[in-house]
Amino acid sequence: AGLSSERGSEECYECPIGSFTKSPGQECIPCPHPLSSSENGTTCSLCKAGFHLQNSSTEKESIFADPAKHCKPCPPYANCSAPGTTLETLGIPRGYWRASPLSDELHACLDLGHCSGSGDADDHGFDS
């Protein structure tokens, strides 16, 4: 369950973010590009910082099997600084907007008073 140990050791430690182990006691393995994991990860199913998960309903096994298909580079001007950012949680900077939380196209605002952005990668990031 995301725990590793040194050869011959009886103590286990949690695998750090960005690595995983399939079975307790095995060595932590770095996640393949562009994936990451949560701390104590048993699989790599999060897109690493700088990328976003295109479809948040995708099964973890599918993400791990074909990460390039599911993890897309962060769109220009968006904030994907948090590992695990999804299309829906893209951070949108002040001065930009997008048509819906399922759009990865950001547009510059003509009137800054109408586009506050979402800022962080865990806000919704769209104007309604």
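Structural data are supplied above this passage.
Here the structure is a predicted model, which means the values were calculated and not measured. (Residues numbered from 1 in each chain as written. Predicted model: local features only at pLDDT ≥ 70, side-chain atom pairs only at ≥ 80, totals over all residues. Heavy atoms only, no water.)

Some points on the state of the cysteines
Here a disulfide denotes one covalent bond, and it connects the sulfur atoms of two cysteines.
Point 1. A full pass over the atoms with the stated rule returns 4 disulfides.
Point 2. What pairs with Cys15 in a disulfide is Cys28, and their sulfur atoms sit 2.2 Å apart. Residues Cys15 and Cys28 share a disulfide whose torsion about the S-S bond is about -95°; that sign makes it left-handed. Pair noted here: Cys15 is in the loop between strand E2 (13-14) and strand E3 (19-20) and Cys28 is in the loop between E3 and strand E4 (29-30), with a separation of 13 residues, a long-range link. Residues Cys15 and Cys28 agree in their burial class; the two are buried.
Point 3. The disulfide that involves Cys31 links it to Cys44, with 2.0 Å between the sulfurs. Between Cys31 and Cys44, the S-S torsion sits near -80°, and that sign places the bridge as left-handed. In this pair, Cys31 sits in the loop between E4 and strand E5 (35-36) while Cys44 sits in the loop between E5 and strand E6 (46-47), placing the two residues 13 residues apart along the sequence. (Disulfide = S-S within 2.5 Å. Helix = DSSP H or I, 4+ residues; strand = E, 2+ residues; numbered from the N terminus. Buried < 20%, exposed > 50% of the residue type's maximum accessible area, 1.4 Å probe, protein only.)

Notes on the packing of aromatic side chains
Point 1. This model, assessed by the stated rule, comprises 2 aromatic pairs.
Point 2. When the centroid spacing of 5.5 Å and the interplanar angle of 75° are considered together, the rings of Phe20 and Phe64 count as edge-to-face. Of this pair, Phe20 sits in strand E3 while Phe64 is found in helix H1 (residues 60-65), placing the two residues 44 residues apart along the sequence.
Point 3. With relative accessibility at 28%, the residue Phe64 sits in the partly exposed group.
Point 4. On the numbers, 4.7 Å between centres and 20° between planes, the contact of Tyr77 with Tyr96 is stacked. Pair noted here: Tyr77 is in the loop between strand E8 (71-73) and strand E9 (96-97) and Tyr96 is in strand E9, with a separation of 19 residues, a long-range link. (Phe/Tyr/Trp six-rings, centres within 6.5 Å; stacked < 30°, edge-to-face > 60°.)

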